[in-house]
Amino acid sequence: MDRKEANMIGFQIVAYAGDARSSLIESMEAAEEGEFEKAESLIKEADESIKEAHNIQTKMLSQEAAGDEVEVGFIMVHGQDHLMTTLLLRDIIKHMINLYKKG
């Protein structure tokens, strides 16, 4: 896989992670307003976007594991960073929603 292909995958990961992040922020805002069903629905939307990003990432990892050399550039690193921070944000927001439910 050349750098151009890896960059395109990186952009896809950034896009899916960005969609997930937006849904997560909205879910926290809904929970702040006591709209817990909406918050849970938005978490599910975020999970779908995260799943898509993960599927793309796994395909790339599988190619490399099969011996296909992958040229990784900054865009892919940026995509991985977005995905990682979105996963962390999801965990924190789920915890915060539970706290709002108790409050």
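Residues numbered from 1 in each chain as written. Predicted model: local features only at pLDDT ≥ 70, side-chain atom pairs only at ≥ 80, totals over all residues. Heavy atoms only, no water.

The following threshold applies: UniProt positions are given in the numbering used here, feature names are shortened, and annotations may be inferred rather than shown by experiment.
Named according to an unreviewed UniProt entry, the protein is PTS system lactose-specific EIIA component originating from Candidatus Atopostipes pullistercoris. Recorded under Subunit (unreviewed entry), the UniProt text for the protein is reproduced unchanged: "Homotrimer." The Subcellular location (unreviewed entry) field of the UniProt record for the protein holds the comment "Cytoplasm".

## Comments concerning the overall build of the protein
Keep this limit in mind: Counting from the N terminus, the helices are DSSP H or I runs at least four residues long and the strands are E runs at least two residues long. The buried label goes to any residue with under 20% of its type's maximum accessible area, the exposed label to any with over 50%, and the partly exposed label to all in between, with areas taken from a 1.4 Å probe on protein chains only. Throughout, a contact is declared for two residues whenever any of their heavy atoms are within 4.5 Å.
Of regular secondary structure, the protein possesses 3 helices and 0 strands. Its helices and strands taken in sequence order, the protein reads α-α-α from the N to the C terminus. For the protein, the spread of C-alpha atoms along the principal axes amounts to about 50 × 20 × 15 Å. Within the protein, buried positions represent 34% of all 103 residues. In the protein, the proportion of contacts linking residues at least 24 apart, taken out of those at least 6 apart, comes to 81%.

## What about the pattern of salt bridges?
Rules: Throughout this description, the term salt bridge denotes a Lys or Arg side-chain nitrogen within 4 Å of a carboxyl oxygen of Asp or Glu.
Scanning the model with the defined rule gives 4 salt bridges in all. With a shortest N-O distance of 3.8 Å, Asp-91 and Arg-90 are connected by a salt bridge. Of the residues examined, Arg-90 reaches a relative accessible area of 18% and is grouped as buried. Salt bridges linked by common partners bring Asp-47, Arg-90 and Asp-91 together as one network.

## A short note on helix 3 (residues 74-102)
Note the following rule: What a helix should span is 1.5 Å times the count of its residues minus one.
End to end, helix 3 covers 42 Å across 29 residues, agreeing with the expected 42 Å (1.5 Å per residue, within 8%). Considered for burial, the residues of helix 3 that qualify are Met-76, Gly-79, Leu-83, Thr-86, Leu-89, Arg-90, Ile-93 and Ile-97. Elements in contact with the buried residues of helix 3: helix 1 (3-32) and helix 2 (36-65).

## Comments concerning the UniProt feature "active site" (unreviewed entry) in the protein
The positions UniProt marks with the feature "active site" (unreviewed entry) are His-78. Owing to a relative accessible area of 33%, His-78 belongs among the partly exposed residues under this scheme.

## So, the UniProt feature "binding site: Mg(2+)" (unreviewed entry) in the protein
Under the present numbering, the feature "binding site: Mg(2+)" (unreviewed entry) in UniProt falls on Asp-81. Among the secondary structure elements, Asp-81 is positioned in helix 3. Taking the relative accessible area as the measure of exposure, Asp-81 reaches 39% and is therefore partly exposed.

## Quick look at the side chain of Ser-23
The residue Ser-23 is located in helix 1 in this model. Among all residues touching Ser-23, those that are not within four sequence positions of it are Leu-42, Glu-45 and Ala-46.

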